[in-house]
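# Remarks on the overall topology
Here is what each chain is made of, one letter per residue.
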Amino acid sequence: MHPYIRRTLEAVHKRNPGETIFQQAVQEVLESLEQVIQEHPEIEEQNILERLCEPERQIAFRVPWQTDTGAYAVNRGYRIEFSSALGPYKGGLRFHPSVTGSVIKFLGFEQIFKNSLTGLQIGGGKGGSDFDPKGKTDGEIMRFCHSFMTELARHIGEKTDVPAGDIGVGGREIGFLFGQYKRLTNRYELGVITGKPPAMGGSYVRKEATGYGAVYFAREILSTQGQDFEGQRVVVSGSGNVALYAIQKLQSLGAQVVGCSDSGGSLFDPAGLDFEALKLLKEIERKRLVEYLKIHDRAEYRASEKVWSIPCDIAFPCATQNELAREDAQLLIKNGCTLICEGANMPCTPEAIKAFEEASVILAPAKAANAGGVAVSNLEVQQNANWQQWKPKQVDEQLQTIMKQIHKNCLFYAERYGQAGNLIHGANIGGFIRVAEAMRDLGHV
Ligand code: NDP
């Protein structure tokens, strides 16, 4: 390992003790940069790596709110404004009981490179809370969102920091958050948050963009091999926003999607998942996945089992970080899977990635493959700036163009820095170089 990379990793460990998930994310990026550091000594001279690994600003705050029964509840809110070298901080908000400062920091760090790869002018940030939306009523969700925004509002702005959704934060939550922002500031500042429902200035295709984008990215990979999705057997983990719209797009391109999951287990439908039934269950009725069996008794719900045991040609991990471990990778390889496309952020553990590399399974990394969400968020900001709303087809075409370009960039940077065909290195290097150049040109700020 290059001594400068080793020293930086040591500094990151020392400065962020116990934050293993953040350390994992940093290590994965820095390990790709050996040759870049050798060719560009100014990176070390200007200590760009260590500066980049230190968030520009970290905010943590109390979120008090009241339950329907009148109980006084409290959660912790976070916003990490990681890097504004390329533009206003941009990244989603996650509401999930597993959220900690380290989780938000890892997500914010990943976001820097993802946003850079889109080629758009967006910096990296992330936020959220350990609030668990599961089982809460609409009233409780609204009170929580309003309280969360009461604190967050002073830190965000369309030219400062633009949040969006992530796990546990969809159109309903974004609506409540924007409502409180509008009330507090007395400004209909559309571009302050993205993922808004279209009626209040949201972009068409934003809801679908992360899932669609991941499928478009995988389509590029397949096309370099003279293949397409027709007849391919696919499994997708999760059944939330990213998973749902990946499933829809996969099916429209001819794939047979036979499995998905939630935190309780996995669903196998030998006839191919019924997208409309899934959408109704998960997005509209907000029910558990097991209820799918009431609609299709041909299907099977395997409690506490991951979706990776279902044989497939292609797998889309679209639930959460580190959800695909070494033994899952080995099972997928044994069952003939040849392509993994990461819809979730950092879903594969380092050991799983190694197993895929050893078996020559292609891995499309999250930074590139799931960048469609943030890309369309940025298109939403552009529409908002001009008080316009583009047609769904126009947004979708731009999304396809962006995903194509990201794939090209990954291949280009992988080859340019001696790792031809390795999309993980290509994404890390391509994302890094643009940010590093901006940091160099901005000076020591
Ligand atoms: P949602 O909250 O809509 O859905 C999350 C899904 O993952 C649910 O089905 C959930 O099941 C499942 N899940 C969560 N934790 C676990 C777990 N520990 N084990 C198994 N399943 C789990 O979130 P999104 O679809 O928005 O996000 C999914 C992933 O995609 C995340 O990694 C997110 O960071 C990433 N992402 C999202 C973007 C977006 O635009 N939404 C953009 C870029 C990345 P259950 O309901 O049981 O909890």
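Our subject is the structure listed above.
Residues numbered from 1 in each chain as written. Predicted model: local features only at pLDDT ≥ 70, side-chain atom pairs only at ≥ 80, totals over all residues. Heavy atoms only, no water.

## Brief notes about the pairing of strand β6 (residues 233–236)
Selection rule: Two strands qualify as a pair provided that DSSP identifies no fewer than 2 bridges between them. Note on conventions: DSSP H or I runs of at least 4 residues are helices, E runs of at least 2 residues are strands, and numbering of each starts at the N terminus. With its strands directed away from the observer, a crossover is right-handed exactly when the path from the first strand over the helix to the second travels clockwise.
Looking at chain direction, β6 and strand β7 (residues 256–262) are connected through three bridges and run parallel. Directly across from R233, in β7, lies its bridge partner Q256. Where the polypeptide runs from β6 across helix α10 (residues 241–252) and back to β7, its parallel neighbour, the crossover connection is right-handed. Relative to strand β10 (residues 314–316), β6 runs parallel, the two sharing three bridges. Paired with V235 across the bridge in β10 is A315.

## Quick notes on the packing of helix α9 (residues 206–224) against helix α17 (residues 392–416)
Using the following cut-off: Only the contacting stretch of a helix is used when fitting its axis, a line to C-alpha atoms as for every element, and angles between N-to-C directions run 0 to 180 degrees. When an angle is under 35 degrees it counts as roughly parallel; over 145 it counts as roughly antiparallel; between 65 and 115 it counts as roughly perpendicular; any other value is oblique. For any pair of crossing helices, the crossing counts as left-handed if the nearer helix is rotated counterclockwise from the farther one by less than a right angle, and right-handed if it is rotated clockwise. Only heavy atoms matter for contacts: two residues are in contact if any of them lie within 4.5 Å across the pair. Basically, the charged four are Asp, Glu, Lys and Arg, the nonpolar ten are Ala, Val, Leu, Ile, Met, Phe, Trp, Tyr, Cys and Pro, and anything else, Gly included, counts as polar.
Relative orientation of the contacting elements α9 and α17 amounts to 50°, with a least axis distance of 9 Å. Here α9 is positioned oblique relative to α17, judged by the angle of their axes. In this structure, α9 crosses over α17, and the sense of that crossing is right-handed. Each of A209, Y212, G213, Y216, F217, R219, E220, I221 and T224 in α9 lies in contact with α17, whose residues at this interface are D396, L399, Q400, M403, K404, I406, H407 and C410. Looking at the contact of α9 with α17 residue by residue, the class counts come to nine nonpolar, four polar and four charged.

## Topic: the sheet that holds strand β2 (residues 72–83)
Reading across the sheet, the five strands line up as β1-β2-β4-β3-β5 and stay open at both edges, with mixed pairing between neighbours. Edge positions in the sheet fall to β1 (57–66) and β5 (161–164), since each has one partner strand and no second. Sheet twist, expressed as the average angle between the axes of neighbouring strands with direction ignored, equals 20°. In terms of strand pairing, strand β3 (residues 89–95) meets strand β4 (residues 123–129) through five bridges, oriented parallel. Looking at β4, one finds that F95 is bridged to S129. Here helix α7 (residues 138–152) sits on the sheet and contacts β1, β2, β3, β4 and β5; the angle it forms with β1, its principal contact strand, is near 145°.

It is worth stressing that arrangement in space is one thing and function is another; only the former is reported here.
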